[in-house]
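As a plain string of letters, each chain reads:
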Amino acid sequence: MDEIKVKARDSRLLVVTVLQKIFGYSIFLMLIYCFITYREDINMLNFYRIMSYFDTDASVSENFTGYTFEVGIDSVHAPFGGGLVVLNKDSLKIINAAGLEDLSEQLKYSSPQLITGDKRIVAYDKGGNEISIFGSYALLKQLVEENPVLWCNMNKQGDLLVLLEESGYKGSVKLYSEDSKQKFQWSSSEYYIISGCINSDGETISLLCTGGNPRKTFIRTYNIHNEEPLYEIDLGSAIFYSMEYDNNDMLSVIMENGLCSYDENGKEIYSYDYSAGALRCYSHNNGEMPLLSLVTPSGKYKAVCVNNGEVVSSFETDEEINGLFYETGTLSVLTNENAILYDSVSDSLTTYNVISGKSISKRVDGSYLIIFSDRAEVLGK
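Treat the numbers as computed from the prediction; the structure is a model and nothing was measured.

Rules of the game
- Residues numbered from 1 in each chain as written.
- Predicted model: local features only at pLDDT ≥ 70, side-chain atom pairs only at ≥ 80, totals over all residues.
- Heavy atoms only, no water.
- Helix = DSSP H or I, 4+ residues; strand = E, 2+ residues; numbered from the N terminus.
- Buried < 20%, exposed > 50% of the residue type's maximum accessible area, 1.4 Å probe, protein only.
- Contact = heavy atoms within 4.5 Å.
- Areas by Shrake-Rupley, 256 points an atom, 1.4 Å probe, with all protein chains shown as cover.
- Pairing = 2+ DSSP bridges.
- Axes fitted to C-alpha atoms, helices over the stretch in contact; angles between N-to-C directions.
- Patch = residues over 30% accessible without salt bridge, like charges linked within 9 Å, V, L, I, M, F, W, Y side chains within 5 Å.
- Salt bridge = Lys/Arg side-chain N within 4 Å of Asp/Glu carboxyl O.
- Core = buried A, V, L, I, M, F, W, Y, C linked by side-chain atoms within 4.5 Å.
- Phe/Tyr/Trp six-rings, centres within 6.5 Å; stacked < 30°, edge-to-face > 60°.

## Here we look at the overall build of the protein chain
Turning to step 1, where the next piece is worked out: Helices and strands together make up the secondary structure of the protein chain, namely three helices and 32 strands.
Turning to step 2, where the next piece is worked out: In the protein chain, buried positions account for 47% of the 381 residues.
Turning to step 3, where the next piece is worked out: The long-range share in the protein chain, meaning contacts at least 24 apart out of those at least 6 apart in sequence, stands at 36%.
Turning to step 4, where the next piece is worked out: Element-wise, carbon and sulfur atoms account for 50% of the exposed surface of the protein chain, whose accessible area totals about 20,200 Å².

## Points about the sheet that holds strand β21 (residues 268–273)
Through backbone hydrogen bonds, the strands of a sheet pair up, either in parallel or in antiparallel fashion.
Turning to step 1, where the next piece is worked out: Across the sheet, which stays open at both edges, the four strands sit in the order β18-β19-β20-β21 with antiparallel pairing between neighbours. The sheet is open, and its two edges are formed by β18 (240–245) and β21, each paired on a single side. When strand polarity is set aside, the average angle formed by the axes of neighbouring strands in this sheet is 15 degrees.
Turning to step 2, where the next piece is worked out: Examined bridge by bridge, strand β20 (residues 258–262) and β21 share five bridges and lie antiparallel to one another. Bridge pairing links Y262 to E268 in β21.

## Some details on a nonpolar patch on the surface
Turning to step 1, where the next piece is worked out: The grouping of I239, Y241 and Y282 at the surface amounts to a nonpolar patch, some 270 Å² of accessible area in total.
Turning to step 2, where the next piece is worked out: Assignment of secondary structure puts Y282 in strand β22 (residues 278–283).
Turning to step 3, where the next piece is worked out: Residue Y282 is classed as partly exposed on the basis of its relative accessible area, which comes to 33%.

## Things to note about the sheet that holds strand β1 (residues 66–68)
Turning to step 1, where the next piece is worked out: Taken in spatial order, the four strands make up an open sheet running β1-β32-β31-β30, and their pairing is antiparallel. What marks the edges here is a single partner per strand, and that holds for β1 and β30 (359–362). Sheet twist, expressed as the mean angle between neighbouring strand axes with direction ignored, is 20 degrees.
Turning to step 2, where the next piece is worked out: Across three bridges, the pairing between β1 and strand β32 (residues 375–378) is antiparallel. Bridge pairing links T68 to R375 in β32.

## Concerning the nonpolar core
Turning to step 1, where the next piece is worked out: Within the largest apolar cluster, 15 residues are counted, with the highest numbers of intra-cluster contacts made by W186, I205 and L207.
Turning to step 2, where the next piece is worked out: Mapped by element, the contributors of at least two residues to this core are β11 (160–164), β12 (171–176), β13 (182–188), β14 (191–198), β15 (204–211) and β16 (216–223).
Turning to step 3, where the next piece is worked out: Ignoring any residue separated from it by four or fewer positions in sequence, one finds I205 in contact with L161, L175, F184, C197, I198, R220, T221, Y222, I224 and Y245.

## Considering the side chain of S188
Turning to step 1, where the next piece is worked out: Within the element layout of this structure, S188 appears in strand β13.
Turning to step 2, where the next piece is worked out: Apart from residues lying up to four places away in sequence, S188 is in contact with Y169, K170 and G171.

## Section: the pattern of salt bridges
As a working rule, side chains carrying opposite charge can pair if their charged atoms are close by.
Turning to step 1, where the next piece is worked out: This structure, assessed with the given rule, holds 17 salt bridges.
Turning to step 2, where the next piece is worked out: In this structure, D318 and K300 form a salt bridge, with 2.5 Å as the shortest nitrogen-oxygen distance. Of this pair, D318 sits in the loop between β25 (310–317) and β26 (321–327) while K300 is found in the loop between β23 (291–295) and β24 (301–307), placing the two residues 18 residues apart along the sequence.
Turning to step 3, where the next piece is worked out: Residue K300 is classed as partly exposed on the basis of its relative accessible area, which comes to 30%.
Turning to step 4, where the next piece is worked out: Here the salt bridges share partners, and the residues they tie into one network are D118, K156 and E288.

## Here's the deal with the environment of G366
Turning to step 1, where the next piece is worked out: Of note, G366 is situated in the loop between β30 and β31 (368–371).
Turning to step 2, where the next piece is worked out: Along the sequence, G366 and G82 sit 284 residues apart, while their C-alpha atoms lie 9.3 Å from each other.

## Structural notes on the packing of aromatic side chains
Turning to step 1, where the next piece is worked out: Applying the stated criterion across every chain, the model contains seven aromatic pairs.
Turning to step 2, where the next piece is worked out: Note on Y191 and F218: the rings are 4.9 Å apart at their centroids and 80 degrees apart in plane angle, and the pair reads as edge-to-face. A residue pair is termed long-range when its members are at least 10 positions apart, and Y191 in strand β14 and F218 in strand β16 qualify at 27 residues. Like F218, Y191 is buried.
Turning to step 3, where the next piece is worked out: Ring centres of F315 and Y342 lie 5.4 Å apart, and the angle between their planes is 40 degrees; on these two criteria the pair is classed as tilted. Placement of the pair is F315 in strand β25 and Y342 in strand β28 (residues 338–343), with a sequence separation of 27 residues. The exposure classification of F315 matches that of Y342, with both residues buried.
Turning to step 4, where the next piece is worked out: Members of the aromatic cluster, connected to one another through ring pairs, are F184, W186 and Y222.

As C-alpha coordinates, this is what we get:
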(Lines give C-alpha, C1' and ligand atoms only; values in the text may rest on other atoms or scores of the structure.)
Protein backbone atom coordinates (compact mmCIF):
# COMPACT_ATOMS: atom_id res chain seq x y z
CA MET A 1 0.00 0.00 0.00
CA ASP A 2 1.40 3.40 -1.01
CA GLU A 3 2.19 5.84 1.80
CA ILE A 4 1.01 9.45 1.37
CA LYS A 5 3.23 12.17 2.95
CA VAL A 6 1.90 15.67 3.55
CA LYS A 7 4.63 18.31 3.25
CA ALA A 8 4.56 20.85 6.09
CA ARG A 9 4.07 24.49 5.06
CA ASP A 10 7.30 26.51 4.97
CA SER A 11 6.59 29.58 7.12
CA ARG A 12 10.09 31.04 7.01
CA LEU A 13 9.20 33.51 4.29
CA LEU A 14 6.18 34.71 6.30
CA VAL A 15 8.38 35.31 9.38
CA VAL A 16 10.87 37.29 7.31
CA THR A 17 8.05 39.40 5.83
CA VAL A 18 6.59 40.14 9.27
CA LEU A 19 10.02 41.14 10.61
CA GLN A 20 10.59 43.41 7.63
CA LYS A 21 7.28 45.15 8.26
CA ILE A 22 7.99 45.55 11.96
CA PHE A 23 11.39 47.04 11.14
CA GLY A 24 9.87 49.38 8.55
CA TYR A 25 7.14 50.57 10.93
CA SER A 26 9.73 51.09 13.69
CA ILE A 27 11.85 53.31 11.45
CA PHE A 28 8.74 55.24 10.40
CA LEU A 29 7.62 55.80 14.01
CA MET A 30 11.15 56.80 15.02
CA LEU A 31 11.24 59.41 12.23
CA ILE A 32 7.87 60.80 13.40
CA TYR A 33 9.15 60.97 16.99
CA CYS A 34 12.35 62.72 15.91
CA PHE A 35 10.40 65.19 13.81
CA ILE A 36 8.02 66.04 16.67
CA THR A 37 10.83 66.30 19.24
CA TYR A 38 13.39 68.13 17.11
CA ARG A 39 11.20 69.80 14.48
CA GLU A 40 12.49 73.28 15.32
CA ASP A 41 16.10 72.10 15.15
CA ILE A 42 15.79 70.40 11.77
CA ASN A 43 16.65 72.43 8.69
CA MET A 44 19.08 72.18 5.79
CA LEU A 45 21.71 74.28 7.58
CA ASN A 46 22.03 72.07 10.63
CA PHE A 47 20.87 68.65 9.46
CA TYR A 48 24.47 67.52 9.03
CA ARG A 49 25.16 68.45 12.67
CA ILE A 50 22.39 66.12 13.82
CA MET A 51 23.72 63.29 11.69
CA SER A 52 27.28 63.85 12.88
CA TYR A 53 26.04 63.74 16.47
CA PHE A 54 24.58 60.25 15.95
CA ASP A 55 27.84 59.19 14.28
CA THR A 56 30.01 60.33 17.19
CA ASP A 57 31.98 57.43 18.62
CA ALA A 58 31.07 56.87 22.30
CA SER A 59 34.77 56.45 23.09
CA VAL A 60 35.36 60.03 21.93
CA SER A 61 33.00 61.24 24.65
CA GLU A 62 34.63 59.00 27.23
CA ASN A 63 38.11 60.24 26.28
CA PHE A 64 37.10 63.91 26.47
CA THR A 65 39.11 65.64 29.20
CA GLY A 66 38.38 69.32 28.75
CA TYR A 67 37.81 72.42 26.68
CA THR A 68 39.78 75.70 26.67
CA PHE A 69 38.04 79.04 26.17
CA GLU A 70 39.53 81.67 23.89
CA VAL A 71 42.42 83.49 25.56
CA GLY A 72 41.81 87.10 26.57
CA ILE A 73 38.03 86.99 26.06
CA ASP A 74 35.64 87.26 29.00
CA SER A 75 33.07 84.48 28.69
CA VAL A 76 29.91 83.36 30.43
CA HIS A 77 29.13 79.67 30.34
CA ALA A 78 26.52 77.13 31.41
CA PRO A 79 26.07 73.33 31.23
CA PHE A 80 23.82 72.04 28.46
CA GLY A 81 23.07 68.55 27.10
CA GLY A 82 26.02 66.92 28.86
CA GLY A 83 28.36 69.56 27.45
CA LEU A 84 28.36 73.31 27.82
CA VAL A 85 27.55 76.62 26.17
CA VAL A 86 30.12 79.42 25.97
CA LEU A 87 29.02 82.99 25.26
CA ASN A 88 31.19 86.09 24.89
CA LYS A 89 30.76 89.53 23.31
CA ASP A 90 31.33 88.15 19.80
CA SER A 91 29.86 84.64 19.59
CA LEU A 92 28.03 81.70 21.15
CA LYS A 93 29.43 78.17 20.96
CA ILE A 94 27.73 74.87 21.85
CA ILE A 95 30.23 72.21 22.93
CA ASN A 96 28.84 68.67 23.05
CA ALA A 97 29.72 65.91 25.54
CA ALA A 98 32.58 64.75 23.29
CA GLY A 99 34.20 68.19 23.42
CA LEU A 100 33.27 68.88 19.79
CA GLU A 101 31.81 72.17 18.63
CA ASP A 102 28.21 71.60 17.49
CA LEU A 103 27.49 75.25 16.74
CA SER A 104 29.24 78.61 16.53
CA GLU A 105 27.04 81.67 16.02
CA GLN A 106 28.24 85.27 15.79
CA LEU A 107 26.53 87.59 18.28
CA LYS A 108 27.57 91.16 19.03
CA TYR A 109 26.50 91.75 22.64
CA SER A 110 28.01 94.47 24.84
CA SER A 111 26.78 92.79 28.05
CA PRO A 112 26.15 89.10 27.20
CA GLN A 113 23.91 87.04 29.49
CA LEU A 114 23.16 83.31 29.25
CA ILE A 115 20.52 80.91 30.60
CA THR A 116 19.92 77.25 29.70
CA GLY A 117 17.07 74.77 30.12
CA ASP A 118 16.57 71.15 29.13
CA LYS A 119 15.93 71.96 25.46
CA ARG A 120 16.66 75.65 25.01
CA ILE A 121 19.49 78.15 25.30
CA VAL A 122 18.75 81.86 25.66
CA ALA A 123 21.43 84.50 25.06
CA TYR A 124 20.62 88.16 25.48
CA ASP A 125 22.26 91.55 25.68
CA LYS A 126 21.51 93.18 29.04
CA GLY A 127 20.49 96.75 28.28
CA GLY A 128 20.13 95.91 24.60
CA ASN A 129 17.10 94.88 22.58
CA GLU A 130 18.00 91.45 21.19
CA ILE A 131 17.28 87.95 22.54
CA SER A 132 18.63 84.87 20.72
CA ILE A 133 16.96 81.50 21.30
CA PHE A 134 18.84 78.30 20.41
CA GLY A 135 17.98 74.62 20.27
CA SER A 136 20.54 71.84 20.49
CA TYR A 137 21.96 72.49 17.01
CA ALA A 138 20.78 75.83 15.67
CA LEU A 139 19.65 79.39 16.23
CA LEU A 140 15.85 79.07 16.28
CA LYS A 141 14.62 82.61 16.80
CA GLN A 142 15.83 86.15 17.43
CA LEU A 143 13.46 88.44 19.30
CA VAL A 144 13.98 92.19 18.92
CA GLU A 145 12.23 94.12 21.70
CA GLU A 146 11.13 97.74 21.44
CA ASN A 147 12.46 98.37 24.96
CA PRO A 148 15.78 97.48 26.63
CA VAL A 149 16.00 93.96 28.11
CA LEU A 150 16.98 93.97 31.79
CA TRP A 151 16.68 90.31 32.75
CA CYS A 152 15.35 86.92 31.56
CA ASN A 153 14.19 83.69 33.21
CA MET A 154 13.26 80.35 31.62
CA ASN A 155 11.59 77.12 32.79
CA LYS A 156 12.83 73.68 31.75
CA GLN A 157 10.54 73.33 28.74
CA GLY A 158 11.62 76.68 27.26
CA ASP A 159 8.96 79.25 28.23
CA LEU A 160 10.72 82.60 28.55
CA LEU A 161 10.01 85.50 30.94
CA VAL A 162 11.51 88.88 29.93
CA LEU A 163 11.84 91.93 32.18
CA LEU A 164 11.93 95.19 30.20
CA GLU A 165 12.65 98.86 30.85
CA GLU A 166 9.57 100.43 29.28
CA SER A 167 9.19 104.20 29.06
CA GLY A 168 6.38 105.51 31.26
CA TYR A 169 6.30 102.43 33.51
CA LYS A 170 8.21 101.33 36.58
CA GLY A 171 8.15 97.69 35.52
CA SER A 172 7.22 95.63 32.47
CA VAL A 173 7.30 91.89 31.72
CA LYS A 174 6.50 89.63 28.77
CA LEU A 175 6.08 85.87 28.70
CA TYR A 176 6.92 83.88 25.55
CA SER A 177 5.99 80.25 24.92
CA GLU A 178 8.47 77.54 23.97
CA ASP A 179 7.85 78.38 20.29
CA SER A 180 8.51 82.12 20.96
CA LYS A 181 4.89 83.30 20.82
CA GLN A 182 3.87 86.01 23.30
CA LYS A 183 1.49 84.64 25.96
CA PHE A 184 1.33 87.38 28.59
CA GLN A 185 2.31 91.00 29.25
CA TRP A 186 2.03 93.23 32.29
CA SER A 187 3.28 96.81 32.71
CA SER A 188 3.03 98.61 36.05
CA SER A 189 3.19 102.33 36.74
CA GLU A 190 3.03 101.69 40.50
CA TYR A 191 5.52 98.89 41.19
CA TYR A 192 9.06 98.09 40.17
CA ILE A 193 9.42 94.48 38.94
CA ILE A 194 12.72 93.05 40.15
CA SER A 195 12.62 89.41 38.97
CA GLY A 196 10.26 86.50 38.29
CA CYS A 197 9.88 82.81 37.54
CA ILE A 198 7.63 80.43 35.58
CA ASN A 199 5.97 77.16 36.59
CA SER A 200 6.48 73.91 34.66
CA ASP A 201 3.56 74.23 32.21
CA GLY A 202 4.16 77.94 31.53
CA GLU A 203 0.68 78.91 32.73
CA THR A 204 1.67 80.61 36.00
CA ILE A 205 4.28 83.28 36.67
CA SER A 206 5.44 84.85 39.93
CA LEU A 207 6.95 88.34 40.03
CA LEU A 208 8.97 90.08 42.73
CA CYS A 209 7.62 93.63 43.06
CA THR A 210 8.44 96.63 45.23
CA GLY A 211 6.90 100.06 45.62
CA GLY A 212 3.53 101.56 46.49
CA ASN A 213 2.56 103.82 49.37
CA PRO A 214 3.44 102.75 51.98
CA ARG A 215 6.36 101.01 50.26
CA LYS A 216 6.33 97.21 50.39
CA THR A 217 8.09 94.24 48.83
CA PHE A 218 5.91 91.35 47.74
CA ILE A 219 5.49 88.46 45.31
CA ARG A 220 2.58 88.72 42.89
CA THR A 221 1.47 85.53 41.07
CA TYR A 222 -0.61 85.44 37.87
CA ASN A 223 -2.35 82.83 35.82
CA ILE A 224 -1.52 84.09 32.33
CA HIS A 225 -5.17 83.85 31.23
CA ASN A 226 -6.42 86.28 33.88
CA GLU A 227 -5.74 89.97 34.39
CA GLU A 228 -6.11 89.82 38.17
CA PRO A 229 -3.36 88.14 40.22
CA LEU A 230 -4.01 84.80 41.91
CA TYR A 231 -2.39 85.96 45.15
CA GLU A 232 0.21 88.22 46.72
CA ILE A 233 2.81 87.29 49.35
CA ASP A 234 4.04 90.14 51.56
CA LEU A 235 7.75 89.61 52.27
CA GLY A 236 7.92 92.22 55.02
CA SER A 237 11.39 93.56 55.82
CA ALA A 238 13.29 90.28 55.30
CA ILE A 239 16.03 90.30 52.64
CA PHE A 240 15.01 88.41 49.50
CA TYR A 241 17.56 86.27 47.59
CA SER A 242 15.83 84.05 45.04
CA MET A 243 12.61 82.34 43.93
CA GLU A 244 11.90 79.47 41.51
CA TYR A 245 9.30 76.77 40.97
CA ASP A 246 10.89 73.62 42.41
CA ASN A 247 10.77 69.91 41.47
CA ASN A 248 7.27 69.71 43.01
CA ASP A 249 6.15 72.77 40.98
CA MET A 250 5.72 74.77 44.17
CA LEU A 251 6.98 78.32 44.50
CA SER A 252 10.23 78.12 46.49
CA VAL A 253 11.54 81.36 48.01
CA ILE A 254 14.97 81.84 49.61
CA MET A 255 15.13 84.65 52.20
CA GLU A 256 17.78 85.75 54.67
CA ASN A 257 16.10 83.83 57.51
CA GLY A 258 14.85 80.70 55.76
CA LEU A 259 13.45 78.83 52.79
CA CYS A 260 9.67 78.76 52.23
CA SER A 261 7.47 76.82 49.77
CA TYR A 262 4.01 77.99 48.67
CA ASP A 263 1.14 76.11 47.02
CA GLU A 264 -1.00 77.25 44.07
CA ASN A 265 -3.06 79.48 46.39
CA GLY A 266 -0.08 81.24 47.92
CA LYS A 267 -0.35 79.35 51.21
CA GLU A 268 2.95 78.52 52.93
CA ILE A 269 3.08 74.74 53.29
CA TYR A 270 6.76 74.02 53.95
CA SER A 271 9.62 75.95 55.51
CA TYR A 272 13.24 75.40 56.47
CA ASP A 273 14.87 77.94 58.77
CA TYR A 274 18.59 78.44 59.13
CA SER A 275 18.81 77.28 62.72
CA ALA A 276 22.11 75.61 61.79
CA GLY A 277 23.68 78.97 60.90
CA ALA A 278 23.67 81.87 58.44
CA LEU A 279 23.19 81.57 54.68
CA ARG A 280 26.52 81.74 52.79
CA CYS A 281 25.48 80.88 49.20
CA TYR A 282 22.84 78.89 47.33
CA SER A 283 21.94 77.15 44.05
CA HIS A 284 18.36 77.67 42.95
CA ASN A 285 17.29 76.38 39.52
CA ASN A 286 13.89 75.87 37.91
CA GLY A 287 12.45 72.40 38.47
CA GLU A 288 15.13 71.38 40.97
CA MET A 289 15.51 71.14 44.73
CA PRO A 290 17.11 74.23 46.32
CA LEU A 291 20.67 73.87 47.64
CA LEU A 292 22.00 75.95 50.52
CA SER A 293 25.38 76.58 52.12
CA LEU A 294 25.21 77.65 55.77
CA VAL A 295 27.92 78.89 58.11
CA THR A 296 27.42 77.03 61.40
CA PRO A 297 27.98 78.60 64.86
CA SER A 298 31.15 76.48 65.17
CA GLY A 299 32.60 78.04 62.00
CA LYS A 300 32.06 75.04 59.72
CA TYR A 301 30.30 75.17 56.37
CA LYS A 302 27.22 73.01 55.88
CA ALA A 303 25.86 72.01 52.44
CA VAL A 304 22.13 71.21 52.46
CA CYS A 305 19.69 69.89 49.83
CA VAL A 306 16.07 70.61 50.81
CA ASN A 307 12.82 69.09 49.50
CA ASN A 308 9.37 69.84 50.97
CA GLY A 309 11.01 71.50 53.95
CA GLU A 310 13.03 68.38 54.79
CA VAL A 311 16.76 67.80 54.39
CA VAL A 312 17.43 65.27 51.62
CA SER A 313 21.21 65.35 51.88
CA SER A 314 23.77 67.34 53.88
CA PHE A 315 27.34 67.33 55.12
CA GLU A 316 29.84 69.69 56.78
CA THR A 317 33.32 70.80 55.79
CA ASP A 318 35.98 73.15 57.16
CA GLU A 319 36.35 74.78 53.73
CA GLU A 320 34.29 77.74 52.55
CA ILE A 321 31.68 76.61 49.99
CA ASN A 322 31.37 78.67 46.80
CA GLY A 323 29.20 76.43 44.58
CA LEU A 324 26.71 73.55 44.94
CA PHE A 325 25.25 70.83 42.72
CA TYR A 326 22.96 67.84 43.38
CA GLU A 327 21.90 64.83 41.33
CA THR A 328 20.83 61.24 42.06
CA GLY A 329 21.95 61.05 45.68
CA THR A 330 25.23 62.92 45.29
CA LEU A 331 25.63 66.40 46.78
CA SER A 332 28.66 68.18 45.35
CA VAL A 333 30.32 71.43 46.39
CA LEU A 334 33.17 73.61 45.21
CA THR A 335 35.52 75.32 47.64
CA ASN A 336 38.51 77.55 46.89
CA GLU A 337 40.76 74.52 46.48
CA ASN A 338 38.62 71.37 46.17
CA ALA A 339 35.60 69.66 44.70
CA ILE A 340 33.88 67.54 47.37
CA LEU A 341 31.32 64.86 46.41
CA TYR A 342 29.10 63.42 49.13
CA ASP A 343 27.28 60.14 48.41
CA SER A 344 24.29 60.06 50.76
CA VAL A 345 23.68 56.34 50.12
CA SER A 346 27.13 55.18 51.24
CA ASP A 347 27.64 58.22 53.51
CA SER A 348 31.07 58.80 51.96
CA LEU A 349 33.04 61.87 50.87
CA THR A 350 35.37 62.04 47.85
CA THR A 351 37.66 65.04 47.49
CA TYR A 352 39.42 66.24 44.33
CA ASN A 353 41.97 69.03 44.20
CA VAL A 354 40.33 71.77 42.10
CA ILE A 355 41.60 75.33 42.46
CA SER A 356 39.31 78.26 41.59
CA GLY A 357 36.48 76.25 40.05
CA LYS A 358 33.40 78.37 39.29
CA SER A 359 30.68 75.72 38.79
CA ILE A 360 30.17 71.95 38.66
CA SER A 361 27.71 69.83 36.62
CA LYS A 362 27.18 66.19 35.68
CA ARG A 363 27.77 64.85 32.16
CA VAL A 364 25.74 62.20 30.33
CA ASP A 365 28.40 59.55 30.99
CA GLY A 366 28.18 60.11 34.77
CA SER A 367 31.40 62.09 35.11
CA TYR A 368 31.52 65.64 36.47
CA LEU A 369 32.50 68.78 34.58
CA ILE A 370 34.22 71.64 36.40
CA ILE A 371 34.05 75.07 34.75
CA PHE A 372 36.82 77.60 35.40
CA SER A 373 37.15 81.15 34.09
CA ASP A 374 39.29 80.00 31.14
CA ARG A 375 38.46 76.30 30.63
CA ALA A 376 36.26 73.32 31.47
CA GLU A 377 37.71 70.02 32.74
CA VAL A 378 36.31 66.57 33.50
CA LEU A 379 36.80 65.85 37.17
CA GLY A 380 39.50 63.26 37.80
CA LYS A 381 40.91 63.44 34.27
